[in-house]
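Letter by letter, the chains look like this.
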Amino acid sequence: MLFNYLRKPNPKNLLSSPDSFRYFEYGMFCMGWHTPATYKIVYYITSSLIFAWCALYLPIGIIISFKKDINTFTPNELLTVMQLFFNSVGMPFKVLFFNVYISGFYKAKQLLSEMDKRCTTLEERVEVHQSVVCCNKAYLIYQFIYTAYTISTFLSAALSGKLPWRIYNPFVDWRESRSSFWKAALNETALMLFAVTQTLISDIYPLLYGLILRVHIKLLRLRVEKLCTDSGKSEADNEQDLIKCIKDHKLIIEYAAAIRPAISHTIFIQFLLIGICLGLSMINLLFFSDIWTGLATVAYINGLMVQTFPFCYVCDLLNTDCELLVSAIFHSNWINSSRSYKSTLIYFLKNCQKSIAFTAGSIFPISTRSNIK
């Protein structure tokens, strides 16, 4: 079933952490990023054509169209084309960075499977299931927002009798006839659906990484709070529980290290582009848009806002989660424990005091404050 990964918790059939990327992987497969086990040569050829169509033809077509038709552009059309151009130039770099560091994606999934092995109680597994459903919902919401921009721009252009994005087409002159106009418009819309989906995939994965990471930090904190609370356990058993928590934290740190390079480069590119595109969109909306192009521009602005803000907010929440973990370690029931247990606890506390943080291009921290600036 299409929405099987949005189902409610069922104790007999709960989702695991790697399922957080199920719809994301469907998108990867459609865009040529996820090689199947069979028909690899056909898949490689198809994926290369899709990438060339979106990453090469799109910006080049915009430049050619810009040079040929600049005298006929209305201010609204000019700003729309400029928005598209800047995003089309940045998109290949985001796609490239993800695919260069795609080994980190597969390593992160393996580490999530290891973390799930520690979720032995039903409550913990239900917590993971709910987080997985949240990740899959986030992907579908992003897909809706990005597709809504593309379709709304196409409809607004069709109603006004003008091409949506004015991308140069060497085979069809949209001015010749009504049928030529529709051929050119549908070609542009198909191109943009592929380009927008590639942008979506490169924008959504940091958020999915962050959401599933938060739940495992939370579960670790709950395990720490239960340390030395079972009177039936011996000192040796309590120390073993503490060591398991330390190993859990080590897995979390490895997971963050695996996903950090791709996130750092992607968010840096997004921060560079979003200010320019948002400024152009606001000028277009306030001064030059009619009701139909205004709706399309609003959909585009929504897409710009969800590119970086949700993950920046999640980074702030991760910082808070790490502080709560440190507090839980310090306030755990260790006072009457053995000297060996206390020494191990101090080691754990010291390692947890360094928060899990991400930076954009190793230059500035990824946070809500940075996003607003």
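Residues numbered from 1 in each chain as written. Predicted model: local features only at pLDDT ≥ 70, side-chain atom pairs only at ≥ 80, totals over all residues. Heavy atoms only, no water.

Okay, the overall build of the protein next. Helix and strand counts for the protein stand at 10 helices and two strands. Along the first, second and third principal axes, the C-alpha set of the protein runs to 85 × 45 × 35 Å. When burial is assessed residue by residue, the protein has 50% of its 373 residues classed as buried. Once local pairs closer than 6 in sequence are excluded, the contacts in the protein between residues at least 24 apart make up 79%. Roughly 18400 Å² of accessible area belongs to the protein as shown, and the carbon and sulfur atoms make up 65% of that amount. Side-chain charges of the protein comprise 35 positive and 25 negative groups, with the mean position of each set lying 2 Å from the other. (Helix = DSSP H or I, 4+ residues; strand = E, 2+ residues; numbered from the N terminus. Buried < 20%, exposed > 50% of the residue type's maximum accessible area, 1.4 Å probe, protein only. Contact = heavy atoms within 4.5 Å. Areas by Shrake-Rupley, 256 points an atom, 1.4 Å probe, with all protein chains shown as cover. Lys, Arg positive; Asp, Glu negative; His and termini not counted. Charge placed at Lys NZ, Arg CZ, Asp CG, Glu CD.)

If you walk through the whole model with that rule in mind, you get 27 aromatic pairs. Relative to F364, the ring of F268 lies with its centre 6.4 Å away and its plane at 45 degrees, an arrangement referred to as tilted. Taken as a pair, F268 in helix α7 (residues 235–288) and F364 in strand β2 (residues 364–365) lie far apart in primary sequence, 96 residues in all. The structure contains a cluster of three or more aromatic residues connected by ring pairs, namely F21, F24, W33, F98, F105, Y106, Y205, Y209 and Y255. (Phe/Tyr/Trp six-rings, centres within 6.5 Å; stacked < 30°, edge-to-face > 60°.)

Glancing now at the side chain of D116. With respect to the helices and strands, the residue D116 is situated in helix α4 (residues 102–116). This buried residue, D116, is left without a salt bridge; R223 holds the nearest opposite charge, at 7.5 Å. If near-sequence neighbours (up to four positions away) are discounted, D116 is found in contact with S16, S17, P18, V128 and H216. (Salt bridge = Lys/Arg side-chain N within 4 Å of Asp/Glu carboxyl O.)

With that settled, the discussion passes to the nonpolar core. With 95 residues, the main nonpolar core has F24, Y209, Y255 and F358 as its most contacted residues. Residues within four places of F24 in sequence aside, it is in contact with F98, F105, Y139, I201, I204, Y205 and L208. With six residues, the next largest nonpolar core counts L163, F181, A184 and A185 among its residues. (Core = buried A, V, L, I, M, F, W, Y, C linked by side-chain atoms within 4.5 Å.)

Moving on: unusual backbone geometry. A positive phi angle, close to 55 degrees, is found at R166, a residue other than glycine. Look at C228: it is not a glycine, yet its phi comes out positive at around 60 degrees. Here C228 lies in the loop between α6 (178–225) and α7. When its relative accessible area of 15% is taken as the criterion, C228 is described as buried.

Right, let's get into the packing of helix α5 (residues 122–160) against α6. One can describe the packing of α5 onto α6 by two numbers: an axis separation of 8 Å at closest approach and a directional angle of 160 degrees. In this view, α5 runs roughly antiparallel relative to α6, as classed from their interaxial angle. Considering how the two elements wind past one another, α5 and α6 form a crossing that is right-handed. By residue class, the composition of the contact of α5 with α6 is 28 nonpolar, eight polar and six charged. (Axes fitted to C-alpha atoms, helices over the stretch in contact; angles between N-to-C directions. Parallel < 35°, antiparallel > 145°, perpendicular 65-115°, else oblique. Left-handed = near helix turned anticlockwise from the far one by under 90°. Nonpolar A, V, L, I, M, F, W, Y, C, P; charged D, E, K, R; others polar.)

The values reported here are purely geometric and, on their own, carry no functional implication.
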